[in-house]
Amino acid sequence: MPRFASIDIGTNSVLLLVADRQPDGRFEAVVERAEITRLGRGVDTHRVLSPDGMEATLSTLVTFADEARSLGAEAIAVSATSAARDAKNGADFIAAAKARAGVTVEIIAGELEAQLSFAAVATDFAGEAAGPLLVVDIGGGSTEFIYGNDAGSVAFRHSFDVGAVRLTERFVRTDPLSADERGAIEAHLRDTFAALPPPPPNAMLVGVAGTVTTLYAVQHQMATYDAEQVHGGTLSRGELDALTDTLCTLPLEARRALPGIQPKRADVIPAGALILREAVKALRLDACRVSDRGLRWGLLAHRFGSAPSSS
């Protein structure tokens, strides 16, 4: 059966998915990888991709593309999101990716990013929801909200320039966060999310991307990450409140030692937790379901969901 790959280059991490397209059109994962490279370090301030961030990301991209080809992927779809959108030297990164990894990187708009994340979530969760689906996709540089309607299509989508890396760089100067720094982040998020329309009745919220899956892994003290256990899980409002308080008060070294946290994510996870908590509060919901399948799954279906393509 046909095999394809997608690579999602985010502000904080790079994710690989190699999957076989089944006869019914669904994809079954062969390999999934993730590496934190922090492409977006400093982009919020300087609007350029740093040499260190570019080199770490390009090195990982070469490794992932080579692995996808060695596994027999017919084609590879590669997307880049917030950091590459915002950086003045994004074109330099795209050229280097083509030269070194032999792939074409598409810098996708926030609205398309939202649409693809929603498609990935709807595939797995639409049958469980009593009403419309809501999706929150928390990245390093931006956060996308997508509201579904009763017909299962997108009724509202918007990308906000608030992400775990961006807010950490903008507001955090102490370890752990000071009360004033936390308050400033919360106030900024409340002001930002005030633009959200009220959610439809009986809506179910699903969170995607590394912040949400990490919070679930920490809540359940997962020394070894288990995607099957994480996918479909639930974080209650009370659990989010307690997790956020813990992550905002622990110093960095203590956060790095928590079961469920990748050490490279420990510096930005307090801001990420605050984003999810404030999102749930803004939507006036009691819980958030957890998806381990985000943009890379939506991108795969978008590019290769019908007939074989080439890239």
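Just so you know, these numbers come straight off a predicted model, no measurement behind them.

S.K.: Talk me through the confidence of the model for the protein chain; I want residue IDs and the actual numbers.
M.R.: Per-residue pLDDT for the protein chain averages 92, and the proportion of residues at 70 or more is 98%. When mean pLDDT is compared element by element in the protein chain, helix 7 (residues 179-193) scores highest at 98, while helix 3 (residues 82-86) scores lowest at 79.

S.K.: Before we move on, can you summarise unusual backbone geometry with the specific residues and values?
M.R.: Put simply, Asp 175 and Pro 176 share a cis peptide bond, and its omega is -5 degrees. Inspection of the secondary structure puts Pro 176 in the loop between helix 6 (164-171) and helix 7. Although it is not a glycine, Ala 209 sits at a positive phi angle of roughly 90 degrees. As for its placement among the helices and strands, Ala 209 is situated in the loop between strand 9 (204-208) and helix 8 (210-219).

S.K.: Go over the packing of helix 6 against helix 12 (residues 269-283) with me, naming the residues and quoting the values.
M.R.: Put simply, helix 6 and helix 12 touch, their axes get as near as 8 Å, and they point 115 degrees apart. One element, helix 6, and the other, helix 12, form an angle in the roughly perpendicular class. As for how helix 6 packs across helix 12, the hand of that crossing is right-handed. Between helix 6 and helix 12, the contacting residues are Ala 164, Leu 167 and Thr 168 on the first element and Ala 271, Gly 272 and Ile 275 on the second. Taken together, the residues that form the contact of helix 6 with helix 12 break down as four nonpolar, two polar and no charged.

S.K.: Please provide a residue-by-residue account of the nonpolar core, values included.
M.R.: In this structure, Phe 145, Phe 193, Leu 215 and Leu 276 are the most contacted members of the largest nonpolar core, which totals 44 residues. Those elements giving two or more residues to this core turn out to be strand 6 (133-138), strand 7 (143-148), helix 6, helix 7, helix 8, helix 10 (237-249), helix 12 and strand 11 (287-291). Tallying contributions element by element places helix 12 first for this core, with nine residues. With residues up to four places along the chain from it excluded, the contact list for Phe 145 reads Val 135, Val 136, Phe 156, Arg 157, His 158, Phe 160, Phe 193, Leu 196, Ala 279 and Leu 283. Counting 29 residues, the second-largest nonpolar core is a separate cluster that includes Val 31, Leu 58, Ala 87 and Ala 101.

What counts and how
- Residues numbered from 1 in each chain as written.
- Predicted model: local features only at pLDDT ≥ 70, side-chain atom pairs only at ≥ 80, totals over all residues.
- Heavy atoms only, no water.
- pLDDT = per-residue confidence, 0-100.
- Helix = DSSP H or I, 4+ residues; strand = E, 2+ residues; numbered from the N terminus.
- Axes fitted to C-alpha atoms, helices over the stretch in contact; angles between N-to-C directions.
- Parallel < 35°, antiparallel > 145°, perpendicular 65-115°, else oblique.
- Left-handed = near helix turned anticlockwise from the far one by under 90°.
- Contact = heavy atoms within 4.5 Å.
- Nonpolar A, V, L, I, M, F, W, Y, C, P; charged D, E, K, R; others polar.
- Core = buried A, V, L, I, M, F, W, Y, C linked by side-chain atoms within 4.5 Å.
- Buried < 20%, exposed > 50% of the residue type's maximum accessible area, 1.4 Å probe, protein only.

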